[in-house]
Amino acid sequence: MLFRSEKKMEAAAPAALYTDADATLEDGTLVFEKDPAFTIDIPAAFKPKPKNQWGSGHILNMGKASPPFSVEVGIWMVGEDGMDADGKARCAGWGPALKSLGSKQVEVLSVEKIDTYDEFPAYACEIEWLWTDGSTVLTSIAHYIYKGDKVIGLTGTTMGDPEGLTAIYETVDLNP
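Residues numbered from 1 in each chain as written. Predicted model: local features only at pLDDT ≥ 70, side-chain atom pairs only at ≥ 80, totals over all residues. Heavy atoms only, no water.

Visitor: I tried to follow the pattern of salt bridges on my own but got confused; where do I start?
Guide: Oppositely charged side chains may form a pair once their charged atoms are brought near each other. Considering all chains together, one arrives at five salt bridges under this definition. Across the salt bridge formed by Lys34 and Asp22, the nearest N and O atoms sit 2.9 Å from each other. Placement of Lys34 in the loop between strand E2 (29-32) and strand E3 (38-41) and of Asp22 in the loop between helix H1 (4-12) and strand E1 (23-26) is noted, with a sequence separation of twelve residues between them. With relative accessibility at 44%, the residue Lys34 sits in the partly exposed group. Asp84 is the partner of Lys113 in a salt bridge, and the nearest nitrogen-oxygen pair spans 3.5 Å. A residue pair is termed long-range when its members are at least 10 positions apart, and Lys113 in strand E7 (residues 106-114) and Asp84 in helix H2 (residues 83-92) qualify at 29 residues. One salt-bridge network, held together by shared partners, links Asp35, Asp149 and Lys150. (Salt bridge = Lys/Arg side-chain N within 4 Å of Asp/Glu carboxyl O. Helix = DSSP H or I, 4+ residues; strand = E, 2+ residues; numbered from the N terminus. Buried < 20%, exposed > 50% of the residue type's maximum accessible area, 1.4 Å probe, protein only.)

Visitor: Please clarify how the sheet that holds strand E6 (residues 70-77) should be interpreted in this entry.
Guide: Sheet architecture is open: seven strands sit in the order E4-E5-E6-E10-E9-E8-E7, paired in antiparallel fashion. Looking at the sheet topology across the chains shown, the edges are occupied by strand E4 (47-48) and E7. (Pairing = 2+ DSSP bridges.)

Visitor: What am I meant to see in the sheet that holds E1 here?
Guide: Two modes of strand pairing occur in sheets, parallel and antiparallel, and in both the strands are linked by backbone hydrogen bonds. The antiparallel open sheet is built from three strands, whose spatial order is E1-E2-E3. Lying at the two open borders of the sheet, with one neighbouring strand each, are E1 and E3. Averaged over neighbouring strand pairs, the angle between their axes works out to 20 degrees when direction is ignored. Sheet analysis places E1 next to E2, joined by four bridges and oriented antiparallel. Paired with Leu25 across the bridge in E2 is Leu30. (Axes fitted to C-alpha atoms, helices over the stretch in contact; angles between N-to-C directions.)

Visitor: Even after reading the chapter, I still don't get unusual backbone geometry, so can you show me in this structure?
Guide: The phi torsion of most residues other than glycine is negative, and most of the peptide bonds are trans. Residue Pro36 is bonded to the preceding Asp35 through a cis peptide linkage, with omega at 10 degrees. Looking at the element boundaries, Pro36 is found in the loop between E2 and E3. A cis amide bond links Pro67 to the next residue, Pro68, at an omega of -15 degrees. One non-glycine residue, Asp27, lies in positive phi territory at about 50 degrees. With respect to the helices and strands, the residue Asp27 is situated in the loop between E1 and E2. Residue class for Asp27 comes out exposed when judged on its relative accessible area of 83%.

Visitor: Would you mind going over the environment of Ala122 with me for this structure?
Guide: For Ala122, the location among the structural elements is in strand E8 (residues 122-130). The buried category is assigned to Ala122, whose relative accessible area is 0%. C-alpha of Ala122 to C-alpha of Glu112: the two residues are ten residues apart in sequence and 8.5 Å apart in space. With residues up to four places along the chain from it excluded, the contact list for Ala122 reads Glu112, Lys113, Ile114, Tyr117, Tyr144, Ile145 and Tyr146. (Contact = heavy atoms within 4.5 Å.)

It is worth stressing that arrangement in space is one thing and function is another; only the former is reported here.
Below is the structure:
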């Protein structure tokens, strides 16, 4: 998703930080070798989808027909106001972004700083929203991990218990 801080960064930057060739999917593991190097395991049931329309920075978008429905990975520069402002802004951006897709109800359930990724600080947010049919309740979980001057975004959408998404996020190796 493209948020205000990313719009400012993209306006100032002549091109995206990375290209599709910078990330490879090898035997179910997304490998990103450039700074900020990391890996994450993607379950075999997930199939490639078009990159998100919210702007540059996305290096992976995969989905399937049953929950969890999608997982995306993106990399951006940390906003000029620093990690705390950046994390909060990224989480706050979900409401307007989902409403622009046609959701009539969006609720940001939580925004919190987490220590899930050891020495790498992170922000997590949980968003509950209605699909455009007006009756399907979905949950999106985002983890924004700060490694140096970059932020690694893990985002996904599911229905019901978000444990399937967070289990994928738990496979991240930030020191590959």
